[in-house]
Amino acid sequence: MAMAGSAIGLGNIWRFPYMVGQNGGAAFIVVYLFAAIFLCVPIFLSESIIGKRAQLSTVGAMEKLAPGTPWKYIGLFTFFAPIILVSYYSVVGGWSVAYQVRALSFAVTDVSMTQADHSARFGSFIASTWTPLIWHTVFIGLTAIIVRLGIRKGVEQFTRASTPLLFVLIIVIMVYSLSLPGSKAGVDYLLKPDFSKLTGGAMLSAMGQAFFSLSIGVGCILTYASYMKRGENLLATGVGTAAFDLMFALLAGFAIMPAVFAAGIEPGAGPGLIFETLPYIFSTMGMTHPVISHVISILFFTTIVVAALTSSVSMLETCVAFLVDQKNWSRKKATLVLFLCCWAIGVVCSLSFGPLKDFHILGNTIFNFCDKLISNFVMTIGSLLFVIFVGWRMKKADVWDELTCGGRLRSSRWFKPIYFMIRWVSPIVIVVIFLSNLFL
Ligand code: PFF
């Protein structure tokens, strides 16, 4: 459940719909689904095998499984990546908290506001200096508190209750969104692929989205797998997590896109897409069902915040686990120091929507640069190293042992094709993706 909590987050609800909108709709989804199932699941399994085998977080796991080799540097790589990731993730997490508070004060269901009003309000909110910073601070602060409490007490309890609720709510919103006049264009956009729109860049973004959504390549899945017991079924966990995650992204797509078209919003509007669309859905709903729209908007933004937190916690936990396991820091000190680092990086990312919006790194704002750096480069390099480690460095017998619990599981018959994917297909495809990202 904690792994599903890590995978399902803002990546599904916030990032997926706007990526689909920016990259041409259904064709993007086709590539995304292929990448997630055939590329990301084997990577997910590789990361889990390392963590579960070593029962230690990244650096320690590499040192234990490949003592005295440079493999431990992967561990260090996966220490820095989640720091950047959680810092900019927290900015959007902060926006979600702000909208949750707005929902509580009935501002998102205000029937007097038009779509243009909602968009303008969001635009001025993220462009302002202080308000988004306050919410970013709240979000990263909450993340740090949960990490401080520890995985079992903090994350598991949280996820167990929130994930099913999130599913129910997104389905309710989807049904409503599909009933809006003009929503059919949104459904067509999601279901009728136009492969002529699928540029190389769009394909790469689809793969980056699949990596991001499954939380792979930054050591987070490895760290969570290190908390698993010996006899637990990795294959079921991996496939189950991927299935939930994909299903959730698709549901979010069908909840948001029809409303985007119904409201006449530009699907390629970018990172603000859901924050402009959801209030429109809720205020339209409020015209006929005021009480229901209040309740749903409050519950929905609350569950978005919870989904975001279960993901951000997994990122911060990865770095904290390193300092606690390897450097013998206390959990309290590690959490506090990392909280401060992530807060500071997040501040700069947040300001890149406002006062720093004209500051560009390689043609991107600071926020976009961090996001592209992580999902297009860091996650691919991390994933490559993990599959090479499992496919070529670990003994086949050990991989078999972890994946099939010594042959006891019925799923053991899947071992051969999975091992082939990990050893041959995944590394080659990842290298191609990485090089294309570099040159495109
Ligand atoms: N998968 C998360 C989401 O979709 O929101 C984001 C994420 C979490 C990425 C943890 C990477 C990670 F290590």
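Data block above holds the structure.
Residues numbered from 1 in each chain as written. Predicted model: local features only at pLDDT ≥ 70, side-chain atom pairs only at ≥ 80, totals over all residues. Heavy atoms only, no water.

Visitor: Sorry, what's going on with the packing of helix α6 (residues 115-127) against helix α13 (residues 273-288) here?
Guide: The packing of two helices is summarised by the inter-axis angle and the distance between the axes. Between α6 and α13, whose axes approach to 9 Å, the crossing angle comes to 140°. In terms of orientation, α6 and α13 fall into the oblique class. In this structure, the crossing between α6 and α13 has a hand that is right-handed. Contact with α6, carried on its side by Gln 115, His 118, Ser 119 and Phe 122, involves Phe 275, Glu 276, Pro 279, Tyr 280 and Ser 283 of α13 and no other residues of that element. The residue makeup of the contact of α6 with α13, split by class, is 4 nonpolar, 4 polar and 1 charged. (Axes fitted to C-alpha atoms, helices over the stretch in contact; angles between N-to-C directions. Helix = DSSP H or I, 4+ residues; strand = E, 2+ residues; numbered from the N terminus. Parallel < 35°, antiparallel > 145°, perpendicular 65-115°, else oblique. Left-handed = near helix turned anticlockwise from the far one by under 90°. Contact = heavy atoms within 4.5 Å. Nonpolar A, V, L, I, M, F, W, Y, C, P; charged D, E, K, R; others polar.)

Visitor: So what exactly am I meant to see when it comes to the pattern of salt bridges here?
Guide: Should their charged atoms come close, side chains of opposite charge can pair. Summed over the entire model, instances satisfying the criterion amount to 10 salt bridges. The partner of Lys 197 in a salt bridge is Asp 194, and the shortest N-O contact between them spans 3.8 Å. Overlapping salt bridges, with partners in common, bring together Lys 52, Arg 53, Arg 230, Asp 398, Asp 401 and Glu 402 in one network. (Salt bridge = Lys/Arg side-chain N within 4 Å of Asp/Glu carboxyl O.)

Visitor: What is the right way to look at helix α5 (residues 72-104) in this model?
Guide: Since the α-helix packs 3.6 residues into each turn, any two residues three or four apart lie on the same face. Taking 1.5 Å per residue as the helical rise, α5 with its 33 residues ought to reach 48 Å, and the 47 Å between its terminal C-alpha atoms agrees with that figure. The sharpest bend along α5 comes to roughly 25°, located at Ser 90. With 25 of 33 residues buried, α5 lies mostly within the body of the structure. Two residues or fewer past α5, Phe 106 is found with a positive phi of approximately 65°. (Expected span 1.5 Å × (residues − 1). Bend = angle between axes of the 7 residues up to and from the residue. Buried < 20%, exposed > 50% of the residue type's maximum accessible area, 1.4 Å probe, protein only.)

Visitor: Sorry, what's going on with the site of the ligand here?
Guide: Around the ligand, a shell composed of 17 residues is seen, among which Ala 7, Gly 11, Tyr 89, Phe 212 and Ser 215 lie nearest. Contacts to the ligand include Ala 7, whose backbone N or O atom sits 2.9 Å from an oxygen atom. One of the side-chain N or O atoms of Asn 12 is found 3.4 Å from an oxygen atom in the ligand. Relative to its unbound accessible area of 340 Å², the ligand is 100% covered by the protein chains. Within the residue set of the shell around the ligand, elements represented by two or more residues are α1 (2-7), α2 (10-22), α5, α10 (200-213) and α14 (290-327). (Near = heavy atom within 4 Å. Polar contact = N/O pair within 3.5 Å; in protein donor to acceptor, adjacent residues only side chain to side chain. Areas by Shrake-Rupley, 256 points an atom, 1.4 Å probe, with all protein chains shown as cover.)

Visitor: Just checking my understanding: could you explain the packing of helix α7 (residues 130-149) against α14 for this structure?
Guide: At their nearest, the axes of α7 and α14 sit 9 Å apart, and the two run at 60° to each other. What the angle tells us is that α7 and α14 run oblique. Judged by the twist between their axes, the crossing of α7 over α14 is right-handed. Of α14, the residues touching α7 (which contributes Phe 139, Leu 142, Thr 143, Ala 144, Ile 146 and Val 147) are Val 305, Ala 308, Leu 309, Ser 312, Val 313, Leu 316, Glu 317 and Val 320. Here the residues of the contact of α7 with α14 are counted per class, giving 11 nonpolar, 2 polar and 1 charged.

Visitor: What is the right way to look at the nonpolar core in this model?
Guide: Where a protein is soluble and globular, its nonpolar side chains tend to be buried together. Judged by nonpolar contacts, the single largest core of 148 residues is most densely connected at Trp 14, Ile 50, Trp 95, Phe 211, Leu 278 and Phe 300. Counting residues per element, this core draws most heavily on helix α3 (residues 26-54), which supplies 16 residues. Setting aside residues no more than four positions away along its own chain, Leu 278 makes contact with Ile 173, Ile 256, Phe 300, Phe 301 and Ile 304. (Core = buried A, V, L, I, M, F, W, Y, C linked by side-chain atoms within 4.5 Å.)

Spatial relationships are all this shows, so hold off on functional conclusions.
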